[in-house]
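Each chain, letter by letter, is given below.
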Amino acid sequence: MLRSMASWEHEPSVATMLLKDEAPERQRERHPFDLEERTALFGENIERFSKRIPRDPTNFRLIDQLVGCGTSVGANYCEANEGVSKKDFRNIIGRCVKEAKETKFFLRMIAASEQQLTEEARALYREAKELHLIFASIYRK
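Residues numbered from 1 in each chain as written. Predicted model: local features only at pLDDT ≥ 70, side-chain atom pairs only at ≥ 80, totals over all residues. Heavy atoms only, no water.

A. Representation of the overall build of the protein chain in the model. Of the regular secondary structure elements, the protein chain holds six helices and zero strands. In sequence order, the secondary structure elements of the protein chain are arranged as α-α-α-α-α-α. Out of the 141 residues in the protein chain, the part that is buried amounts to 39%. In the structure as shown, the protein chain presents an accessible area of about 8,800 Å², 54% of it carried by carbon and sulfur atoms. (Helix = DSSP H or I, 4+ residues; strand = E, 2+ residues; numbered from the N terminus. Buried < 20%, exposed > 50% of the residue type's maximum accessible area, 1.4 Å probe, protein only. Areas by Shrake-Rupley, 256 points an atom, 1.4 Å probe, with all protein chains shown as cover.)

Structure representation (structure tokens):
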């Protein structure tokens, strides 16, 4: 999983640990493919990465867009799980597909703009691609 790929992701922040719903021993019991947790971690990693991007007029829009779509993947998935109908679920999962795809686009733009961040962007891009494929598969079912 992405969390172990980069040094800036090894230790969860205290705030992250405090916001989790379950006791630490219960968190370890969660299924490793828990999409709510995986998308939350992805959003957290996007947030951390965005703070490393140099602030200049060219990057402001890219940062805003990346954080918006990168964190929306998980938010939409949480919303989809609360859907009242199969049609509603499918519609919201479709948004997850679009947001993951958009995240890949903005990671590419940032890597082009800030070449020193290419490796970190590539790791996030791989996770965005996996999430995109997972949600596309769910959408097709």
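B. Region of interest: the environment of Glu-37. Structurally, Glu-37 is set in helix H3 (residues 35-50). Judged by relative accessible area, Glu-37 falls into the partly exposed class, the value being 22%. In this structure the C-alpha to C-alpha distance between Glu-37 and Gly-74, which are 37 residues apart in sequence, comes to 8.4 Å.

C. Local environment of the packing of aromatic side chains. The tally for this structure, following the rule as stated, stands at two aromatic pairs. Ring plane angle 50° and centroid distance 5.4 Å describe the contact between Tyr-77 and Phe-135, whose orientation is recorded as tilted. With Tyr-77 in helix H4 (residues 57-81) and Phe-135 in helix H6 (residues 118-140), the pair connects residues that are 58 residues apart, well separated along the chain. On the numbers, 5.1 Å between centres and 85° between planes, the contact of Phe-105 with Phe-106 is edge-to-face. (Phe/Tyr/Trp six-rings, centres within 6.5 Å; stacked < 30°, edge-to-face > 60°.)

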